[in-house]
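A structural walkthrough
Letter by letter, the chains look like this.
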Amino acid sequence: MTDVASWDREHVWHPYAATPADVHVVTGAKDVRITLQDGRELIDGMSSWWAAIHGYNHPLLNQALTDQVGTMAHVMFGGLTHEPAARLARTLADLTGLPKVFFADSGSVSVEVAIKMALQYGRPRGRRRLMTVKGGYHGDTFGAMAVCDPVNGMHHLFTGALPVHVFASLPPRELSDAYLDELTVTVGAHARELAAIIVEPVVQGAGGMRFYHPAYLRRLRELADEHDILLIADEIATGFGRTGELLGCDHAGIRPDIMCLGKALTGGYLSLAATLCTERVAEGIGVLMHGPTFMGNPLATAVAQASLDLLAARPWREEVRGIEAGLTEGLAEAAGLAAVKEVRVLGAIGVIETREPVDVRRVQDVAMARGVWLRPFNRLIYAMPPYSITPGDLAAVTGAMVAAAQAL
Ligand SMILES: *Cc1c(COP(=O)(O)O)cnc(C)c1O
């Protein structure tokens, strides 16, 4: 037990870190709290990277998993199917209006599948490139990495190994005719080589926690239709209510041709993602050349169904609106700090953007001293708490974020 830290130091890679990594040992998690080996309890401001929307150790999700494990943990999906996967596909098709569902094992893989769908669909017409905007994040595998922001996505480390796609500049928060024109010109200039346009709707997550005006999404939809290009919405971070609407695309009132879902899909229990598409795209593709070993895993699809049932039953719109108000109020005082460039809130996402990159460990130490878990990166101290967080715990999260910004 006490050896966890040393075993970890000896053997384990952690996200975006050298080995050995600077980590804390967790022994349990319940509701919005993570328990550390030394007995400390931390309120989780991160929902384990957008995933644990209902909080940890939820009795209904636990029940769904234990019921399923007693029936069947896994069978191959080639030539076989089962109720958890088929039922979840129906639920996702109803939620999104996209009837064809491909189950992938992680968000990055679902983006690879979306890109593959678009390239297979566009191939007969010679459409082999993608367009996106700067500041995006779509995952860490090579196809996904090639449409991440070239600077944040560290393209220079992989020059020569990544396909080169078309990038428009950063989408602004405010409505700008000049930016709408830029999109029109960029798409027009490359229309005959573009298979798809891929964007995160309304919120750019790991690429910089930026929010942009939904009019740009509407313009991309129009341009895609005009030039017969597919629109891929990467809803992996924005899906399932996080922005205040069920899907990020709902802010713009548009439907993409292809959509990626992940992160909160299983309520933070297991790695599962999905790539959905229209009937037209599915027909145009025919045989899709992809098939993960653990595709449609019964445990993952069963717990995802339970998480979506729970979401449908909880007043998530009011909860997210309440969190939005709590974040807005709690973070307001950071806006006046010398080290702070901007404070912004959308739905259950709260961001303090600093002028200089922050010392991650220092921010975490300040937050942990106040009983809060945060994971800042670059110039961003941010939170997206579980929807079940209480106003008191939320105030602790925003208090820790402000204190961390004050300590810079
Ligand atoms: C996290 C994320 C991904 C990658 O998902 P993984 O499950 O980490 O592979 C892709 N796109 C967006 C928008 C994300 O936020």
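Refer to the preceding data block for the structure.
The structure reproduced in this document is the subject of the present report. Keep in mind it's a predicted model, so treat the numbers as computed, not measured.

**What to know about the side chain of Thr278**
- With respect to the element layout, Thr278 can be found in the loop between strand S12 (273-277) and helix H9 (279-285).
- Thr278 gets classed as buried once you look at its relative accessible area, which sits at 8%.
- Aside from chain neighbours lying at most four places away, what touches Thr278 is Leu98, Pro99, Lys100, Arg255, Pro256 and Asp257.

**Some points on the sheet that holds strand S2 (residues 33-36)**
- Strand order across the open sheet formed by four strands is S1-S2-S3-S15, with mixed pairing between neighbours. Across the chains shown, the open sheet's two edge strands, defined by having one partner strand only, are strand S1 (26-30) and strand S15 (372-373).
- With three bridges joining them, S2 and strand S3 (residues 41-44) adopt antiparallel strand pairing. Bridge pairing in S3 links Arg33 to Ile43.

**Some details on empty space enclosed by the protein**
- Following the criterion strictly, the structure yields one cavity of 30 Å³ or more and no others.
- Empty space within the largest cavity amounts to approximately 40 Å³.
- Contributing to the lining of the largest cavity are Val133, Pro171, Tyr179, Leu183, Val199, Tyr212, Tyr216, Leu217 and Leu220.
- Of all elements in the fold, only helix H7 (177-190) and helix H8 (214-227) reach the threshold of two or more residues within the lining of the largest cavity.
- Within the lining of the largest cavity, the residues separate by chemical class into nine nonpolar, no polar and no charged.

**Comments concerning the layout of surface pockets**
- Approximately 170 Å³ is the volume found for the second largest pocket.
- For the second largest pocket, the full set of lining residues is Lys100, Val101, Phe102, Met117, Cys277, Ala282, Ile285, Gly286 and Leu288.
- Those elements giving two or more residues to the lining of the second largest pocket turn out to be strand S4 (100-104) and H9.
- Along the lines of polarity and charge, the residues of the lining of the second largest pocket split into seven nonpolar, one polar and one charged.

**Section: unusual backbone geometry**
- Cis geometry marks the peptide bond from Thr19 to Pro20; its omega dihedral reads 5°.
- Within the fold, Pro20 resides in the loop between helix H1 (4-11) and S1.
- Positive phi outside glycine occurs at Asp31, with the angle close to 50°.
- The topology assignment puts Asp31 in the loop between S1 and S2.

Conventions we followed
Residues numbered from 1 in each chain as written. Predicted model: local features only at pLDDT ≥ 70, side-chain atom pairs only at ≥ 80, totals over all residues. Heavy atoms only, no water. Helix = DSSP H or I, 4+ residues; strand = E, 2+ residues; numbered from the N terminus. Buried < 20%, exposed > 50% of the residue type's maximum accessible area, 1.4 Å probe, protein only. Contact = heavy atoms within 4.5 Å. Pairing = 2+ DSSP bridges. 1 Å grid on protein atoms, 1.4 Å probe; cavity = no way out; pocket = protein on both sides within 12 Å on 5 of 7 lines; lining within 4 Å. Points joined across faces, edges and corners; volume = space filled by probe spheres on them. Nonpolar A, V, L, I, M, F, W, Y, C, P; charged D, E, K, R; others polar.

No statement about biological role is implied by the geometric values presented.
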